[in-house]
Amino acid sequence: MNAAYSTSTGMSKTRTLVINALFIALTVVATMFINIKLPIMGNGGLIHLGNVPLFIAAFVFGRKTGAIAGAFGMGLFDLISGWAVWAPFTFIIVGLMGYLAGLMAEKMPGRKVVVYSLAVIVAMLIKIVGYYFAEVVLYGNWIQPFGSIPGNIMQVVLAGLIVIPLAGRIKKLF
């Protein structure tokens, strides 16, 4: 057996590395260049499309690629975009979002549109709760973080609306 071939995933190690790197890069770019800062209380929320490649990675390539794309892609965005204090929180929160969305897509039976929709809802709840507590830690305030919730909801819902109809079609290509 070829040492570069991973029997557990059916993909070569090289292919896996390339796909992971591609989705990290796509997540960074979509977060960095396609975003709007909401002018509301607290952190305000940053609406971006970084969740689109994150969900595609999770739904098409599974939980590991979803976690890697989310954790490293958005964590790297935080580090290079002046949000460095957020990077450890983002790494954990968005990595968990990608992992669970991918796990649900891999393991849950049923129509894919329903499974993907449920995975997006779970990811949104992780984002809302995770960033709420991250803001509590960073700002030392239990009220101010509520201001970021609308932005977090809009961000994930928008990504879901884009990805859910496309994920099945994209998966057929691979």
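Reading the values: the criteria
Residues numbered from 1 in each chain as written. Predicted model: local features only at pLDDT ≥ 70, side-chain atom pairs only at ≥ 80, totals over all residues. Heavy atoms only, no water. Helix = DSSP H or I, 4+ residues; strand = E, 2+ residues; numbered from the N terminus. Expected span 1.5 Å × (residues − 1). Buried < 20%, exposed > 50% of the residue type's maximum accessible area, 1.4 Å probe, protein only. Contact = heavy atoms within 4.5 Å. Salt bridge = Lys/Arg side-chain N within 4 Å of Asp/Glu carboxyl O. Phe/Tyr/Trp six-rings, centres within 6.5 Å; stacked < 30°, edge-to-face > 60°.

(A) Just helix α1 (residues 13–33), in detail. Here α1 contains 21 residues, and its C-alpha end-to-end distance of 30 Å stays within 8% of the 30 Å for a straight helix at 1.5 Å per residue. Along α1, the positions that sit buried rather than exposed are Thr16, Ile19, Asn20, Phe23, Ile24, Thr27, Val28, Ala30 and Thr31. Those residues of α1 hidden inside the fold are in contact with β1 (35–37), β2 (46–48), α2 (51–61) and α3 (63–80).

(B) The side chain of Thr31, seen in detail. Within the fold, Thr31 resides in helix α1. Here Thr31 is in contact with His48, Gly50, Met74 and Phe77, once residues within four sequence places are set aside.

(C) How the structure looks around the pattern of salt bridges. Here the structure, examined in full by the defined rule, presents one salt bridge. Salt-bridge contacts for Glu106 lead to Arg63; the nearest nitrogen and oxygen are separated by 3.2 Å. Of the two residues, Glu106 is situated in helix α4 (residues 87–107) and Arg63 in helix α3; the sequence distance between them amounts to 43 residues. Residue Glu106 is classed as partly exposed on the basis of its relative accessible area, which comes to 38%.

(D) Structural detail: the environment of Ala167. Inspection of the secondary structure assignment puts Ala167 in helix α6 (residues 149–173). When sequence neighbours within four positions are dropped, the list of residues in contact with Ala167 reads Phe59, Val60 and Tyr116.

(E) Summary view of the packing of aromatic side chains. Overall, the coordinates contain 12 aromatic pairs when judged by the stated rule. An angle of 50° between the planes, with centres 6.0 Å apart, marks the rings of Trp86 and Tyr131 as tilted. Taken together, the positions of Trp86 in the loop between α3 and α4 and Tyr131 in helix α5 (residues 112–139) put the pair 45 residues apart, joining distant regions of the chain. Accessibility classification places Trp86 together with Tyr131 in one group, the buried group. Ring centres of Tyr132 and Trp142 lie 6.4 Å apart, and the angle between their planes is 45°; this geometry places the pair in the tilted category. Here Tyr132, found in helix α5, pairs with Trp142, found in the loop between α5 and α6; they are 10 residues apart in sequence, far enough to count as distant. The exposed category is assigned to Trp142, whose relative accessible area is 52%. The structure contains a cluster of three or more aromatic residues connected by ring pairs, namely Trp86, Phe89, Tyr131 and Tyr139.

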